[in-house]
Amino acid sequence: MTTLIIGGGVVGLSIAFGLLQQGKSVLVLDGGDGDFRASRGNFGLVWIQGKGVDCPSYSNWSRRSAGLWPGYAEDLKKLTGIDISLSQKGGVDYFTDETELKDRIAALESLKQAVGGDYPFEVLDHSGLKKLVPEIGPKVIGGLYSPMDGHVNPLLLLQALSSAVRRLGGDLRTGAQVVGIEAADRAFSVRLANGDRAEGEAIVLAAGLGASELGPELGFKAPVRAQQGQVLITERLPFFLNYPSGTLRQVNEGGVQIGASKAEIGADDREDLGTIAKLARHAVDVFPHLAPVNLVRSWAALRVMSPDGLPIYQRSTKYEGARFVTCHSGITLAAAHARLLPDWVVGSNQVPDLSDFSEARF
Amino acid sequence: MSRDIYDIAIIGAGPAGMAAAIEADRRGASVVLLDEQPRPGGQIYRNVGIATPRQREVLGQDYAKGDALVTALERSGAKHLSDITVWQITGTGRIAYSRKNQAEQLEARQVIVATGATERPVPLPGWTLPGVLTAGAAQILMKSGGLVAEDAVLVGSGPLLYLIAAQMVAAGSPPKAMIETQTGSDLQAAMKHLGGALRGWRYLAKGLSLIAQLKRAGVRRYTGAGDIKVLGSDRAEAVSFTWKGRELRIETDTVLLHQGVVPNTQITRSLQLDHRYEEDQRCFVPVTDTFGLSSSPIVSVAGDGAGIGGAAVAALSGQLAALGALHRLDLITNETFETSSAPILETRAKELAVRPFLDRAYPPSQQTLKPVDTTIICRCEEVTAGDIRRYAALGCKGPNQAKAFGRSGMGPCQGRYCGLTVTEILSAENGISQQETGALRIRSPIKPVTLGELAAYQEEEHA
Amino acid sequence: MFTPLETASGRQVTFNFDGREFTAQEGTPLAAALLGAGVSEFRSTPVSASPRGPFCMMGACFDCLVQIDDVTVQACMTPVRDGLVVKRIPRPDVSAEPHDSAPQGSENSREALRA
């Protein structure tokens, strides 16, 4: 039995990797070089603090994935030799505004209660934070540290996954743009732009923004929209930054990555000057010593957002064997997707409870 | 911050940009010309305005031809902003640039991109060693550094290689040797274009005269050379190569590489204009009409940036691009547009006649188009040809995926010296055309800019 | 090696690169001034620490990078002026992970780290 996976980004490949580890046969169909790809443009965080403030089960699911990450990274390294530079020493969020900090503390406190108290984080004032991160500037009034957070090199992850899927015997076809799906129970036939076809008994739609078009053919609403995010990367610097934040991290090659904006402007992945300047200002506010540092590149990428921003895990009610997966935190959730989701895909007994993430909520 | 608005902004003050600025100004448009260098001229006429008699003697008559353009530009009313780094152009004609470490911007109704050419990448073993430069770099050093390479070995092929060698001879420092990659069969393939090329006979005569000069000066030439390597641990020490079945080695601490020039498409690609792979010149060129108009209604491309034609063609293209822009802006009548452009078009066609012959006689060498696995192809991130082949095996179809996998094109040069090679390797590995394989997407900033400068930017605008 | 085409006629100025004093004609591209003085290696790469120097001389290759006033610049695009102090770029030490430092704030922090 072959499972077709539509989408060769981090989400699709993680599921493929997990299925292959269970001995299943998979065929991954991946699009073109110029397609919108969150897997190439994301910030690279394995991030927990502040996620799921209004949805404790999302917080728990993310946390569970973060816990699975070390083993997942190790699996990939063993199989491919690629060290994807996972670091989970904790993360820091920096604040320059008193009210924002207070609001965030309140939100984390309420989330901590909602998840039963196990939600470690620490509030640091300017001097407390300065001991942790000596480079912060005077505009930083304080921050939040949580040992739950971390980061990874998302591009090495993408490469490692591509390599792992092939090494485990998976069929990964790139440049394979899916233009149509003919569906029946446990029988799916996919049409490609070049006229080729691919067949499988199960199908996972993990096509990011492409899902909105393909979803209805499998009986999904697939209500996803693009949300643009812009990111900056500096020249390589000597290492100084131990902890990632939601907006600043030093990548394993030495560059400081600065992000990320949010813009509801549709499927537009062009960077713009106003946003670049705003991100640069934030970076220099937090770390004044970055002022003379060169920006080497900026980019914009598109987040794949559901209406409430949470993931969707949906089994088709129309065709047996069809699954729909989408989320905007494909890196944080990658370990869960590889280790837990395959059971949900094949429908075995050890299925994680994903009922809070069904499409029925929309 | 109030922004200046111009009818026409021109990027690059080489022959194309200067000619465009002069033409547009002469016909009443408000014109701004932005350039990286302190003085107009581009690379070909670099520093011509302040060249010493000795430099003029060494560099020759073709260099001195730049005087006329530079003088005309200086006399024109076009605003010339020198020492400028343009780091973003938008599809609406907004140009962001740095001047004296300050971010500034302006707007234009029509933009003419005249950013010329860069040397084609020459990925050979050892090409990253100190002491290895492009041949063009050696010429720039004559123009703006007052320096000539001593006991240098020239490697590669193309008319510019002969010109630079002859200039070195004139400077009293002839190259130690020329290791040339073009072969007899390249010449044979070129011969069928000889008829057309004879319309541009002056270029051919000039080329033959350069070669004769080199012969008279006793410069040793090894044509049809292969398997070229620059040897050395911390800097260039020697070049080894095969020639007529023999393995040779020449000691030198200065190696000058040249495999022709290719359009600098960083800006046109950052604007996501349509590009096509030009088979004859083995490079990507922006798709343009006769007047250089690109797929954007407000952006034209003039000079070598639109396809390699040389300095004379560039100046003519600059004039044509200016006429096209003036016409779109209704600053000239239909009649003026047509009568003014007709003779320029005719001259340009004559000047271009020699190109097909030259393109075939001096193609990029197979060794640099298909580098061996261990050769570094991305100088910034030190990615090898073998890495790219490995990514192809993992399913990489295009250079953007290869960049995500292995960082080729992510360094400070933004793919200027690896992009074409990555496309060639992926195309060969995947059996897909270069056109379909595509080119790197170029993002802002076109050149690095400090965070501090960017951070100050918006505040100014709000003030 | 690169040697002068002629005896320099312009104003000679002094600048410093990596702790050494050099003289050059004012306005000469810094990369040319150093090449003329026999310096062809300007930096070592962040990837493999291999030596690099000027390659294209026209601002395209970014191999001649140096630092002036803490800003990384292209030596081929920087004119020499009197008193210029030019440094080599500090290389990120890829082998050295940033040092581990635990939060030092309240009791809560140590508890947080144990959790």
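Thresholds, definitions, all that
Residues numbered from 1 in each chain as written. Chains lettered and ligands numbered in written order. Predicted model: local features only at pLDDT ≥ 70, side-chain atom pairs only at ≥ 80, totals over all residues. Heavy atoms only, no water. Buried < 20%, exposed > 50% of the residue type's maximum accessible area, 1.4 Å probe, protein only. Helix = DSSP H or I, 4+ residues; strand = E, 2+ residues; numbered from the N terminus. Disulfide = S-S within 2.5 Å. Expected span 1.5 Å × (residues − 1). Polar contact = N/O pair within 3.5 Å; in protein donor to acceptor, adjacent residues only side chain to side chain. Domains from an automatic or database assignment. Contact = heavy atoms within 4.5 Å. Buried area = accessible area lost by both parts, 1.4 Å probe. Salt bridge = Lys/Arg side-chain N within 4 Å of Asp/Glu carboxyl O. Nonpolar A, V, L, I, M, F, W, Y, C, P; charged D, E, K, R; others polar. Pairing = 2+ DSSP bridges. Axes fitted to C-alpha atoms, helices over the stretch in contact; angles between N-to-C directions. Left-handed = near helix turned anticlockwise from the far one by under 90°.

Focus: unusual backbone geometry
Between S444(B) and P445(B) the backbone carries a cis peptide bond, its omega angle lying at -10°. Located in the positive-phi region is M57(C), a residue other than glycine, with phi close to 60°. The class for M57(C) is buried, based on a relative accessible area of 1%. Despite not being glycine, D70(C) shows a phi value in the positive range, around 70°. With respect to the secondary-structure elements, D70(C) resides in the loop between β6 (65–68) and β7 (71–74).

Here we look at the state of the cysteines
Summed over the entire model, instances satisfying the criterion amount to zero disulfides over all chains. Lacking any disulfide linkage, C396(B) is separated from the closest cysteine sulfur, that of C418(B), by 13 Å. Left without a disulfide partner, C76(C) is nearest to the cysteine sulfur of C64(C), which lies 3.9 Å away. Assessed through its relative accessible area of 4%, C76(C) is described here as buried.

Thoughts on helix α6 (residues 154–167) of chain A
All names here are of chain A. Taking 1.5 Å of rise per residue, the 14 residues of α6 would be expected to cover 20 Å, and the 20 Å separating its terminal C-alpha atoms lies within 8% of that figure. In terms of burial, α6 is a largely internal element, 12 of the 14 residues being buried. Taken as a whole, α6 has its buried residues at P154, L155, L156, L157, L158, Q159, A160, L161, S162, S163, A164 and V165. Where α6 starts, the residue carrying a side-chain oxygen 2.9 Å from the main-chain nitrogen of L155 turns out to be N153. One or two steps after α6, the chain reaches G169, where phi turns positive at roughly 90°.

Quick notes on the domain arrangement of chain B
Residues and elements named next belong to chain B. Parsing chain B into structural domains produces domain 1 (4–118 + 262–332), domain 2 (121–259) and domain 3 (370–432). When each unit is reduced to the centre of its C-alpha atoms, the spacing between domain 1 and domain 3 is 30 Å. The interface of domain 1 with domain 3 comprises seven residues on the first partner and seven residues on the second. In this assembly, domain 1 packs against domain 3 so that about 570 Å² is buried in total across both faces, 53% of it on carbon and sulfur atoms. At the boundary of domain 1 and domain 3, one finds one salt bridge. Residue E424 pairs with R282 through a salt bridge whose shortest N-O separation is 3.0 Å. Summed over the shared surface of domain 1 and domain 3, the result is three residue pairs in polar contact (both at pLDDT 80 or more). For the side of domain 1 that touches domain 3, the residue count by class is four nonpolar, two polar and one charged.

Thoughts on the environment of L168(A)
All names here are of chain A. Mapped onto the elements, L168 comes out in the loop between α6 and β8 (171–173). When the C-alpha positions of L168 and L79 are compared, they lie 8.6 Å apart, and in sequence the two are 89 residues distant. Excluding its chain neighbours within four sequence positions, the residues that come into contact with L168 are F17, L20, Q21 and L79.

Focus on the environment of P38(B)
Residues and elements named next belong to chain B. Mapping P38 onto the fold places it in the loop between β2 (31–34) and α2 (53–59). Between the alpha carbons of P38 and V132 there is a distance of 26 Å; along the sequence they are 94 residues apart. Those residues in contact with P38 that lie beyond four places of it in its chain are S82 and D83.

Notes on the interface of chain B and chain C
If you look at the interface, chain B gives 46 residues, while chain C gives 35 residues. Each partner contributes to the roughly 3400 Å² buried at the junction of chain B and chain C, and carbon and sulfur atoms together form 61% of this total. At the junction of chain B and chain C, the tally comes to one salt bridge. Across the pair D63(C) and R379(B) runs a salt bridge, and its minimum N-O distance is 2.6 Å. The interface formed by chain B and chain C holds 17 residue pairs in polar contact (both at pLDDT 80 or more) in total.

Some remarks on the sheet that holds strand β15 (residues 246–251) of chain B
Residue and element names in this part refer to chain B. The three strands are arranged β13-β14-β15 in an open sheet whose pairing can be described as antiparallel. Two strands bound the open sheet, and with one partner strand each, they are β13 (226–231) and β15. Shown here is a sheet whose adjacent strand axes are inclined to one another by a mean of 15°, direction ignored. Summarising the sheet, strand β14 (residues 238–243) and β15 pair through six bridges and their orientation is antiparallel. By the bridge assignment, T242 is partnered in β15 with E247.

Structural notes on the pattern of salt bridges
For the coordinates displayed, the defined rule picks out 44 salt bridges over all chains. Here R249(B) and E251(B) are joined by a salt bridge, their closest N and O atoms 2.6 Å apart. With a relative accessible area of 40%, E251(B) lands in the partly exposed category. Members of the salt-bridge network, linked through shared partners, are R236(A), E253(A), E381(B) and R407(B).

Thoughts on the packing of helix α1 (residues 15–26) of chain B against helix α11 (residues 311–328) of chain B
Residue and element names in this part refer to chain B. Relative orientation of the contacting elements α1 and α11 amounts to 35°, with a least axis distance of 7 Å. Handedness of the α1/α11 crossing: right-handed. Each of P15, A16, A19, A20, E23 and A24 in α1 lies in contact with α11, whose residues at this interface are A311, A314, A315, G318, Q319, A322, L323 and L326. Among the residues making up the contact of α1 with α11, the classes are represented as 11 nonpolar, two polar and one charged.

Considering the sheet that holds β7(C)
Residues and elements named next belong to chain C. Judged by pairing direction, the sheet is mixed, and its five strands sit side by side in the order β3-β2-β8-β6-β7 without closing on themselves. The sheet is open, and its two edges are formed by β3 (20–25) and β7, each paired on a single side. Mean inter-strand twist for the sheet, computed between neighbouring axes without regard to direction, equals 40°. Taken together, the six bridges between strand β2 (residues 12–17) and β3 define a ladder with antiparallel strand orientation.

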